Amino acid sequence: MDDRCSSDGDDSDCEDLRSLPRDPCYRCEKRVYPVEKVDVGVLFHRRCFRCRVCGLQLTLRTFHWDQENTPDVYCNAHLTRMVGSIDKDSIGIQSALNAPKRGINANEQIRGSLYNPGWQYDSKAIEFNHNHRDMFGKAEKKKTSLGTYQDFESLGVFDAQSALELRQKEEEDRLYERFHEDRTKMVQRLEDELKIEKDKSVQELVAGFEKKITSKKDIKTGLQKETERLEQLYQRKKEERLRTLMNKLTTEEKNQVTRLIEKHSSEMLLMIAEKLVTMTESVPDADTTTLQTATIDLSRPPPVAPPEFRRSQLFKTPEEFEALDNQVFEVAQKDYSAFTDLVKDLIHNCQTDLEKSRAIFRWITVKDLNKLEVDETVNPESPMGLLRGIKYGTESYHDLFKRLCSYAGLHCEVIQGLSKGAGYKPGMRMDSDKFRNSWTAVFIEGSWCFINCNWGARHVKGHDKHEKDSVTGLATFYYRCDEFYFVTDPEDHIHQHFPDDPKWQLLECPISLTEFINLPVVKSPFFNYGLKFANHYDGTQYTSNGIIVLQLKIPNLLGFGYTLDAKDSNMDPQKLEGRVMLRIIGHKAIFTVAPPKTGKYYLTIFAKEDWRSESLQSACAFRVKCREKRENIRSPFPKVPFFGPTPSMSQYGIVPQTHIDPLVVFSYDDVIFQFQIQKDVKLTHTLQYHGPFHSDITDFQRYVFVRYRDEKSISYQVRCPIMGKFVFNVFGGTVTSPEENTGHIECLFRYLLDCKHPAKDKRPLPRACHRWFLGNMLEPVVGDIDPDRRVTFRVRAPLAMDVAMLVGDAWFHFKEIADSIWEGNVYTGKGQCKAKLYAKLTKERARFSPLVEFNIK
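Residues numbered from 1 in each chain as written. Predicted model: local features only at pLDDT ≥ 70, side-chain atom pairs only at ≥ 80, totals over all residues. Heavy atoms only, no water.

Peer 1: What is the right way to look at a positive patch on the surface in this model?
Peer 2: A cluster of basic residues, K30, K532, K553 and K588, forms a positive patch at the surface. Secondary-structure assignment places K30 in the loop between α1 (11–19) and β1 (37–39). Residue K30 is classed as exposed on the basis of its relative accessible area, which comes to 55%. (Patch = residues over 30% accessible without salt bridge, like charges linked within 9 Å, V, L, I, M, F, W, Y side chains within 5 Å. Areas by Shrake-Rupley, 256 points an atom, 1.4 Å probe, with all protein chains shown as cover. Salt bridge = Lys/Arg side-chain N within 4 Å of Asp/Glu carboxyl O. Lys, Arg positive; Asp, Glu negative; His and termini not counted. Charge placed at Lys NZ, Arg CZ, Asp CG, Glu CD. Helix = DSSP H or I, 4+ residues; strand = E, 2+ residues; numbered from the N terminus. Buried < 20%, exposed > 50% of the residue type's maximum accessible area, 1.4 Å probe, protein only.)

Take a look at the structure:
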């Protein structure tokens, strides 16, 4: 039993404790999940682990715990100082020792009174930074820690690099020559072994035929056929063994090249540091302190720790690098025979480590390195020889990035681990080499940051804006930079990559492999489009009452797609149609999934920024387990892509006033939909029945009536004559010809009407014509009128000069009985016909315009 809820305690306090979520955050009191956990005795979300006063993002190395005053975490600048008792070492882990002990809801030990921090968390707010401020308190752009282009030029670093690169290239050439020699020897040995095996098989074959067959003619014929078969057999065996040998040699060669690049990169970094220091004697103005610090930093890789900032603190959008990127595109058009010259041009205008890494990242991602054609006898001094390792497969994008970073004076590490890449499905085990991968982290602005050039260069289909030859106008495959992989926040990066060494998760509290596998599969478009999960979701979702519901937060209206696949490949694909419903409600996209029967399924969600584009990108995926025992349940949802607004709705200034949620569940009564509109917008609608019952009604359009419309609003009345699901679409566009009422029409809003009980009055509604404006139909409000009767019609028509009804060939004129209310007694006739209500809308013209239409039947 919890000792905090003893019998002599306050029952209300116990109730408060029970109502708290499991593993609550000390700051926001919401549950903390493993990916976002910071544990300092009490739990914080990483985004909430900030200074109580100013909101500065903290880490385990930089936080202070103040137990004496207001218990909370603080930055160094806002820690309460006690005269004579300040301890400069009371930072980071020592602060954790002073933090409250973890127990059952340890947060309650220190909360005491109502918590009221001096700031409120806002993900869009400008982050605080106590470092790098100028004398006026403005944020100062941090200069690169290892020198700019001008520093390298004035200190002779580039000359020293060229000399070192020449020595390293000679060493690399010797390695590739050895590769070539080893491959030639191994292939020759393989061919010799196969020849011996083949000759032995032929001898055995001849001997066998001579014993069994006496006729020389039969022996010759049989030997010829068997020899051809044997030749084919050994050709296949040769190809298979050669493939295995090449894979083995390539793996060994890659390991050797990786070790050589590691060695060369270390040498280059040390040379730069030593050069900067030794040249201080000849450059009096050099900052000796900075250079000595740089030497210490370059002597070995900096310690691995979570970054002290988020990506948004370094830059807000990639557009900030537009000028630098344009320079890189120009550099990419040139051929280089030395890395020194390449990097020299790349970092020419770079003032920070961030800009250096950006220039290298964009150069690699803009170059289509798969188009390289390198002959094995290529001169290493040629431009193609510079990138021969990429073409041979002995050097990866990560190795190239690490090599170029060392020339720019940047620490870079190639990290090994597991990745949820191509072919991975949610929940799959990762105990094979199929999902082994590598990626890079670079040390910039005093912290390790993830940069992935390989995944950053995405192969997409479309038109490349940098491609000069676009005569054909045809869409082609090209490489486009995926900005997600340039400085990826660790909390996002962990959804895709799991390093062998937990410290390279760069999380305050690393997660386990089991927790990594249990995360949803999340791709870069998810983050690029600003999507977020409304709740924490595991990668495997279990149905409740036959469905699962997933909610995504969306910054703006996006195009979505989805697929639902069964793990059982024998399931009929048609049974999976109509199993997913997508609703857009404000800034949320809600997916409701109803599998057809017990089993395992995979749900993949796609997104696109351009609503009309056919190019969808995979955003995230889940495994769905249906636990309910049921078989062959009918499709619960209409087979339409989505319900809710489209981007066109806001373009035309249409806003729903009554039903924001596109799913409308109702019984018996008609449903009234009201929209705020703009003046010159043409609107139309459709109503379709999607079962599950059979209906003899052929025209459901007659069950929608425009009750009222003015310059700012429109109101629809929708009636459902039978039980089931209906799709109500509202279309709109601009009117190009008021007389003909023509123009471009697009879908603005789509509703799903779930009618649990049909309307009490199942008769159709009148049909409003396009001239129906500022009017109200008072009576009758049904569309079918009985024949051979006298029926009183009343309508409010403020714009009418005269009102009349045409029934067959007979006209019936109305009288104005009150302010804008017109009344007429109409004989409906004996035959089936249309009855139209007309109005004369202007004094100048004698023409009557149709307003409302009825059926006499």
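Having put the structure on the table, let's press on.
Peer 1: In this structure, what is going on with the pairing of strand β23 (residues 663–667)? I would like to understand it.
Peer 2: Put simply, side chains in a regular strand alternate between the two faces of the sheet. Where burial is concerned, the two faces of β23 differ: the one with V664 and F666 is buried and the one with L663, V665 and S667 is not. Examined bridge by bridge, β23 and strand β29 (residues 746–757) share five bridges and lie parallel to one another. In the sheet register, V665 faces β29, and the bridge partner there is D754. (Pairing = 2+ DSSP bridges.)

Peer 1: Explain the pattern of salt bridges to me, please; I cannot follow it from the model alone.
Peer 2: Once the charged atoms of two side chains with opposite charge are near each other, the side chains can pair. Evaluated as defined, the whole model comprises 32 salt bridges. With a shortest N-O distance of 3.1 Å, E172 and R403 are connected by a salt bridge. Of the two residues, E172 is situated in helix α5 (residues 157–212) and R403 in helix α13 (residues 397–407); the sequence distance between them amounts to 231 residues. In terms of burial, E172 and R403 fall into one category: buried.

Peer 1: Explanation requested: the pairing of strand β34 (residues 802–807) in the structure shown.
Peer 2: Of all six residues in β34, five are buried, a share of seventy percent or more. Two strands pair when backbone bridges link them, and β34 and strand β38 (residues 833–840) are joined in this way by six bridges, in the antiparallel orientation. By the bridge assignment for β38, V803 is matched with A839. With four bridges joining them, β34 and strand β35 (residues 810–813) adopt antiparallel strand pairing. Paired with V807 across the two strands is A810, which belongs to β35.

Peer 1: Teacher, can you tell me more about the nonpolar core here?
Peer 2: Across soluble globular proteins, nonpolar side chains have a tendency to be buried as a group. Membership of the largest hydrophobic core comes to 56 residues, with the highest contact counts inside it found for F673, F675, Y716, F728 and L753. Broken down by element, the residue count for this core peaks at five residues, all from β29. Not counting chain neighbours up to four residues away, the residues in contact with F673 comprise T658, H659, V664, I714, S715, Y716, V718, F728, Y751 and L753. F158, F361, L404 and Y407 belong to the second-largest nonpolar core, a separate cluster that totals 52 residues. (Core = buried A, V, L, I, M, F, W, Y, C linked by side-chain atoms within 4.5 Å. Contact = heavy atoms within 4.5 Å.)

Peer 1: Please clarify how the packing of helix α11 (residues 353–366) against α13 should be interpreted in this entry.
Peer 2: The relative placement of two packed helices is expressed as an angle between their axes plus a distance between the axes. The N-to-C vectors of α11 and α13 enclose an angle of 145 degrees; their axes lie 10 Å apart at closest approach. Helix-helix and strand crossings are classified by hand; for α11 and α13 the assignment is right-handed. Residues S357, I360, F361, W363 and I364 of α11 form the contact with α13, whose participating residues are Y397, L400, F401, L404 and C405. Here the residues of the contact of α11 with α13 sort into nine nonpolar, one polar and no charged. (Axes fitted to C-alpha atoms, helices over the stretch in contact; angles between N-to-C directions. Left-handed = near helix turned anticlockwise from the far one by under 90°. Nonpolar A, V, L, I, M, F, W, Y, C, P; charged D, E, K, R; others polar.)

Peer 1: Which parts of the structure should I look at to understand the environment of D699?
Peer 2: Topologically, D699 is positioned in the loop between β25 (681–689) and β26 (704–709). C-alpha of D699 to C-alpha of Y689: the two residues are ten residues apart in sequence and 9.8 Å apart in space. Here the side chain of D699 touches Q701 through a polar contact of 3.1 Å, landing on its backbone nitrogen. (Polar contact = N/O pair within 3.5 Å; in protein donor to acceptor, adjacent residues only side chain to side chain.)

Peer 1: What exactly am I supposed to notice about the sheet that holds strand β27 (residues 713–718) here?
Peer 2: If you walk across this open sheet you meet the four strands as β22-β24-β27-β26, and the pairing is antiparallel. Only two strands of the sheet have a single partner each, and these edge strands are β22 (655–656) and β26. Relative to strand β24 (residues 671–676), β22 runs antiparallel, the two sharing two bridges. Counterpart to P656 in the pairing with β24 is F675.

Peer 1: Can you help me understand the sheet that holds strand β5 (residues 412–419) in this one?
Peer 2: Sheets are built from strands that pair by backbone hydrogen bonding, the pairs being arranged parallel or antiparallel. The strand order across the open sheet formed by five strands is β10-β7-β6-β5-β11, and the pairing between neighbours is antiparallel. The open sheet has two free edges, formed respectively by β10 (486–488) and β11 (497–499), since each of these has just one partner strand. Here the strands of the sheet are splayed against their neighbours by 55 degrees on average, with no regard to which way each runs. Note: strand β7 (residues 447–451) against β10, two bridges, orientation antiparallel. Note that in β10 the partner of F450 across the bridge is T488.

Peer 1: Can you help me understand unusual backbone geometry in this one?
Peer 2: It is generally the case that most residues other than glycine have a negative phi and that most peptide bonds are trans. G691 connects to P692 through a cis peptide bond whose omega is 20 degrees. Mapped onto the elements, P692 comes out in the loop between β25 and β26. The linkage connecting E779 with the following residue, P780, adopts the cis geometry, with an omega of -10 degrees. With respect to the secondary-structure elements, P780 resides in the loop between β31 (776–779) and β32 (784–785).

Peer 1: Hey, could you run me through the packing of aromatic side chains in this one?
Peer 2: One pair of aromatic rings is described through two measures. These are the centre distance and the angle between the planes. Here the structure, examined in full by the defined rule, presents 42 aromatic pairs. Plain terms: the ring middles of F443 and W448 are 5.3 Å apart, the flat faces sit at 65 degrees to each other, and that makes the pair edge-to-face. Cluster of aromatic residues (ring-pair linked, three or more members): W455, F484, Y485, F526, F527, F533, Y537 and F622. The ring of F642 is capped by R750, whose NZ or CZ atom sits 4.6 Å from the centre of that ring. The side chain of K760 reaches across the aromatic face of Y668, ending 5.8 Å from its centre. (Phe/Tyr/Trp six-rings, centres within 6.5 Å; stacked < 30°, edge-to-face > 60°. Lys NZ or Arg CZ within 6 Å of the ring centre and 35° of its normal.)

Peer 1: Explain α13 here, please?
Peer 2: The α-helix advances 3.6 residues per turn, and as a result positions three or four apart in sequence lie on the same side. Most of α13 sits out of view: eleven of its eleven residues are buried. Within two residues after α13, G409 carries a phi angle of roughly 80 degrees, on the positive side.

Peer 1: For this particular structure, what's the right way to read the environment of D565?
Peer 2: Examined against the element boundaries, D565 turns out to sit in strand β16 (residues 559–566). Along the chain, D565 and Y601 lie 36 residues apart, while their C-alpha atoms are 5.5 Å from each other.

Peer 1: Mind showing me how you'd approach the side chain of E853 here?
Peer 2: Tracing the backbone shows E853 in strand β39 (residues 849–856). Other than its neighbours up to four places away in sequence, E853 contacts P766, R767, K834, A835 and K836.

Peer 1: What's the story with the packing of helix α9 (residues 322–332) against helix α10 (residues 339–346) in this structure? I'm lost.
Peer 2: Packing of α9 against α10 brings their axes to within 9 Å, and their N-to-C directions diverge by 150 degrees. In terms of axis orientation, α9 runs roughly antiparallel to α10. On α10, the residues touching L324, Q327, V328 and V331 of α9 are L342, D345 and L346. Partitioning the contact of α9 with α10 into residue classes produces five nonpolar, one polar and one charged. (Parallel < 35°, antiparallel > 145°, perpendicular 65-115°, else oblique.)

Peer 1: Is there a simple way to think about the environment of D680 in this case?
Peer 2: Looking at the secondary structure, you find D680 in the loop between β24 and β25. Linking D680 and G733, residues 53 residues apart in sequence, is a C-alpha distance of 8.8 Å.

Peer 1: I would appreciate a short explanation of α10 in the present structure.
Peer 2: Listed in full, the buried residues belonging to α10 are F339, T340, L342, V343 and L346. End-on view of α10: buried residues confined to an arc of 160 degrees, all on one side of the axis. (Arc of directions from axis to C-beta.)

Peer 1: Would you mind showing me how to read a negative patch on the surface here?
Peer 2: A surface patch of like charges, here negative, comprises E177, E181, D182 and E252. In terms of residue count, α5 provides more of the negative patch than any other element does, three residues in total. Note that D182 resides in helix α5.

Everything listed here is a matter of coordinates, which is why it stays silent on function.
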